[in-house]
Amino acid sequence: MKNTSGKMLDAVVDSLFQFTDVPSLPSQKNFLPVEEIGEHVEVACNLGEIPADFTEGVFIRNGSNPLFGGLKAAVSIFGESHNIWVEGEGMLHAVYFKKDDDSGSWIISYKNRYVETETFKNETQRNKPAFLPAIEGDASAVTAAFILNTLRFGEVIKHMSNTNVFEHSGRFYSIAENCLPQEVDILTLETGCDWDVNGTWDRPFTSHPKKAPYSGELVMMGTDAWKPYYVLGVISADGKKVHKVDLKFKRSSFSHDIGVTEKYNVILDLPLTLDVKRLTLGGQIMKYVKEEYARIGVMPRYGDAESVKWFEVQANSTLHFLNCFEDDNQVIVRGCRALESVISDPDGSLNPYEWFHKGFKFSGDDHDSAEVGYLFTHLYEWRLNMLTGEVEERNLTGNEYSMDFPFINEHFTGLKHKYGYTQVIDSGASSLSGMAKFGSLAKLYLEESNPTYQEGRIKVEYHKFEENNFCSGSVFVPRNGGIKEDDGWIISFVHNEETDETQVHIIDAQNFEGEAIAKITLPQRVPYGFHGNFFPMPARRS
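Just so you know, these numbers come straight off a predicted model, no measurement behind them.

Turning next to the overall build of the protein. The number of helices and strands found in the protein is six helices and 36 strands. In terms of C-alpha radius of gyration, the protein reaches 23 Å, essentially the compact-globule figure of 24 Å for 542 residues. For the protein, the C-alpha atoms occupy an extent of roughly 65 × 60 × 50 Å along the three principal directions. Scored against the burial criterion, the 542 residues of the protein give a buried share of 58%. Sequence separation of at least 24 residues holds for 64% of the intrachain contacts in the protein that already meet a minimum separation of 6.

End to end, helix α3 (residues 139-153) covers 21 Å across 15 residues, agreeing with the expected 21 Å (1.5 Å per residue, within 8%). Of the residues making up α3, those classed as buried are A141, V142, T143, A144, A145, F146, L148, N149, R152 and F153.

Core analysis: the biggest nonpolar cluster contains 25 residues, and F360, Y421, L441, I490 and I507 have the highest contact counts within it. Within the residue set of this core, elements represented by two or more residues are α5 (352-359), β28 (402-407), β29 (419-425), β30 (440-445), β32 (469-478) and β33 (488-496). Broken down by element, this core gets its largest block of residues, three residues, from β29. Those residues in contact with L441 that sit more than four places away from it in its chain are T422, Q423, V424, E461, Y462, H463, F465, C471, S474, I490, I507 and F512.

Glancing now at the sheet that holds strand β13 (residues 191-194). Taking strand neighbours across the sheet as the criterion, the four strands line up as β10-β11-β12-β13 in an open arrangement whose pairing is antiparallel. The open sheet is flanked by β10 (164-168) and β13, the only strands paired with a single partner. Looking at each pair of strands side by side, their axes are set apart by 35 degrees on average, direction ignored. Of the strand pairs in this sheet, β10 and strand β11 (residues 171-175) are connected by five bridges, and their pairing is antiparallel.

What follows covers the sheet that holds β33. One open sheet holds the five strands; their spatial order is β3-β35-β34-β33-β32, and the pairing between them is antiparallel. Every interior strand has two partners, whereas the edge strands, β3 (45-48) and β32, have only one. Within this sheet the neighbouring strands show an average axis-to-axis angle of 20 degrees, counted without direction. With eight bridges connecting them, β33 and strand β34 (residues 501-508) associate as antiparallel partners. Residue pairing in the sheet places V494 in a bridge with Q503 of β34.

Here we come to the pairing of β11. Of all five residues that make up β11, four are buried, and the element is covered over most of its length. Taken together, β10 and the strand that follows it, β11, pair antiparallel across an intervening segment of two residues, in which S169 is found at a positive phi of about 50 degrees. Bridge count for β11 against strand β12 (residues 182-184) is three bridges, and the pairing is antiparallel. Opposite F172, over in β12, you have V184 as the bridge partner. Hairpin remark: β11 followed by β12, antiparallel, with six residues in the connecting loop.

Before going further, it helps to examine the pattern of salt bridges. By the definition in use, this model includes 28 salt bridges. A salt bridge links D202 to K244; the nearest nitrogen and oxygen atoms lie 3.3 Å apart. Here the residue D202 occupies a position in the loop between β13 and β14 (210-211), and K244 occupies one in strand β17 (residues 242-246), the gap between them amounting to 42 residues. With relative accessibility at 62%, the residue D202 sits in the exposed group. E340 serves as the salt-bridge partner of K290, at 3.2 Å between the closest nitrogen and oxygen. Taken together, the residues K290 in the loop between β21 (286-288) and β22 (294-300) and E340 in the loop between β25 (330-338) and α5 connect sequence positions 50 residues apart. E340 sits in the buried class, given a relative accessible area of 16%.

Take the side chain of K210 next. Note that K210 resides in strand β14. A polar atom in the side chain of K210 sits 2.5 Å from the side chain of D257. Those residues in contact with K210 that lie beyond four places of it in its chain are E217, L218, V219, D257, I258, V260 and T413.

Further remarks concern the pairing of strand β24 (residues 317-327). The buried fraction of β24 amounts to 10 of the 11 residues, a majority that puts the element mostly inside the structure. Pairing of β24 with β25, which is carried by nine bridges, proceeds in the antiparallel orientation. Following the sheet pairing, S317 is matched in β25 by A338. The hairpin formed by β24 and β25 contains two residues between the paired strands, and D328 there has a positive phi angle of roughly 55 degrees.

As enumerated under the stated definition, the model contains 29 aromatic pairs in all. Ring geometry for F97 and W106: centres 6.5 Å apart, planes at 80 degrees, overall edge-to-face. For F97, a relative accessible area of 0% corresponds to the buried category. By relative accessible area, which is 17% here, W106 ends up buried. Ring geometry for F131 against F153: centres 4.2 Å apart, planes inclined by 20 degrees, an arrangement best described as stacked. Of this pair, F131 sits in the loop between α2 (118-126) and β9 (136-137) while F153 sits in helix α3, and the two are 22 residues apart along the sequence. Owing to a relative accessible area of 6%, F131 belongs among the buried residues under this scheme.

In this structure, H168 sits in strand β10. A residue is classified by how much of its surface remains accessible, and H168, at 1% relative accessible area, is buried. Once the C-alpha coordinates of H168 and E217 are considered, the two residues, 49 residues apart in sequence, prove to be 8.7 Å apart. Separated by 2.8 Å, the side chain of H168 and the backbone oxygen of S236 make a polar contact.

What counts as what
- The written sequence of each chain sets the order in which its residues are numbered from 1.
- In view of the model being predicted, local features appear only for residues whose pLDDT reaches at least 70, and side-chain atom pairs are presented and counted only at 80 or more, with totals across whole chains, interfaces and linings using the full set of residues.
- The basis for the side-chain values is all heavy atoms of the structure; hydrogens and waters are excluded.
- What counts as a helix is a DSSP run of H or I of at least four residues, what counts as a strand is a run of E of at least two, and both are numbered from the N terminus.
- C-alpha atoms define the radius of gyration in this analysis, and the globule rule sets the expected value at 2.2 Å times the number of residues to the power 0.38.
- Each residue is assigned to one of three classes by its accessible area relative to the maximum for its type, calculated with a 1.4 Å probe on protein chains only: buried under 20%, partly exposed between the two thresholds, exposed over 50%.
- Contacts were defined at the residue level, with two residues in contact if any of their heavy atoms lie within 4.5 Å.
- Expected helix span is computed as 1.5 Å times (number of residues minus one).
- We define a nonpolar core as any set of buried Ala, Val, Leu, Ile, Met, Phe, Trp, Tyr and Cys residues linked to one another through side-chain atoms lying within 4.5 Å.
- Strand pairing is assigned whenever DSSP detects at least two bridges linking the two strands.
- Axis angles are defined between N-to-C directions and span 0 to 180 degrees, where every axis is a line fitted to C-alpha atoms and, for a helix, only to the segment in contact.
- Salt bridge, as used here, is a side-chain nitrogen of Lys or Arg placed within 4 Å of a carboxyl oxygen of Asp or Glu.
- The term polar contact refers here to a pair of N or O atoms within 3.5 Å; inside protein, the definition further demands a hydrogen-donor-capable atom paired with an acceptor-capable atom, and it admits residues adjacent in sequence only when both atoms are side-chain atoms.
- Here the aromatic set is Phe, Tyr and Trp, taking the six-membered ring for Trp, and pairing holds for ring centres within 6.5 Å; pairs whose planes are under 30 degrees apart are stacked, those over 60 apart are edge-to-face, and all others are tilted.

In C-alpha cells form, the structure reads like this:
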C-alpha cells in the first residue's frame, strides 16, 4: 500500500509540476555546479614552493553543487517555487599534501565528490529532480511543496550536507543544518552512514560543533521548527556518550553556530525564526523580525535550561562566531554581526534583487543607517559580565568592509587569543543573488593592550587578491613546532573569474599583506562554497 500511494503521489507531482531551469546571471557563473572528476589527479605548484615544514594533510571544503545542471524552478497551478544557491547537494573538494618518502618533495593531488545522502541517492536513482523547491517562491507554491515533499519523502527539503566538514574521535563528517552528519572517508571522499551518536541523537545537528578546550568533548546543538526548538549536546571525546538537554526555547530560533570556553557553552537566541504556522498560513518558513528580542546565553558545560544565564543584546543576525573565552568575571563573545539576515526574504517593499543590492551596498565608515548595507557583517564583540549581568557591545572593525566566515588558529578555540582572520567582501563585490564574493582576507589584531583596541577599532591587515579573484574555504594551518599563535599559513581556494581557473593559495600569516608563497592550479574550477578545514593526514583505519 505504501508503494502504491508513493507511486500515486509521484504521478500527481509529475502531472501538476513542471521543472524548469532558473537562469543564472553572468556574475553567478562560478556558483554553477561541476562534475565529479573521478580518481585523484596530481597537480603541481605553479608559483613559489610549499614550505618544508608545512603539514602533511588534507585541505577540504564543502559547498553547494546542484544536481541536474543547476537551480530549478517548479511551475504549477499553485504558482512557482524555486531553489536558492544554498540548496545544492554537498560536494567535497579536497587537496592532498603528502611528502615523497625518498626525495622529501611534495606530492599534491586533487579530488572532488558528492556527499551521497539518502535524498541524493533518491534523486540520482530517478535521474530527475524529485523534491519540490520549498524555501522561496509564491506562498501557495511553497506551501504545496512543503506538504507534498513531506508526504512523499518524510522531509520538507533535501539533506544537503553542503556546509562544513569536521572531525571527532578520529572520524570525519560532512554536515548541513537540517540533518544528521554523514561520515566521510577523508582519503577517498566516499560517504558512509549517518552519525546518530550510537542512537542517542535523532534531530538536526549544527554545522559548527566545537571542541571544548583541553577535554576534547564536542559541543553541538540542533534547532528545529517543532518543539523542542533547541537541544544542546555534549559528546564525549571518544564519541560514545552524549549529554543531551532541551533548553526550552519559546520560539524556533535558527542558530547556525555555538561557542565554547573552558567552562561554558555559549548560545545564540536571535530573531531569525523557523515558523511552520506562518508557512501554512501562506507566509515564509523562515523570517527575520528585528523588533523581537535577541539574547546570548552562557551555560555550564553540563548544565540544563535553568542553569543558562541570559544576556539581552541589540537585535542582530550573527551566523558565525570568531571565538569565545573567559576573562576574569566576563565571557567575551566575538562574531560577525549584521543588521539583517541574508537568509530572510525581503519584507515585500522590494524585490529580491533590489533587496540584496541595497543590503550589500557599501555605506562607508561613518554611516550606520539601516537604509543600505544591512547585510554587511562586521566583527563585533559582546562582553558579558557573569556577576552583574551587564553587557558591553562594540563594533571592532567599523563599516569599511564586510567580514564573514571567520577562523582562528584552532588550538585557541575557547581560549583567549591575539589574532583572528576573516574573508572580506570589498565594496561592490557581491552577486545579486545574496551570495557574496570575497575579494580579500583580513588579519585581526585582538590584543587588548593594543592602543587601537582601546580606541574602539582594532588593527586590521588585508591580503588582497588580484582583480576578479575571489576566495572560499579559507583556514589557518599551524606550523609544525610553531610557538606563536600566528606562526603558520592561511590556505584558501581562489577563483579567477576572467580565466575561469581555480588555484589554492598559501599565505604566510606573519607576512600577511605579502604575496602568496605558493599557488597551485587545480585541474578544474571549484565553485564558490562554504566552510573549509585542514586535517593532518590520517592513518588508514583497519
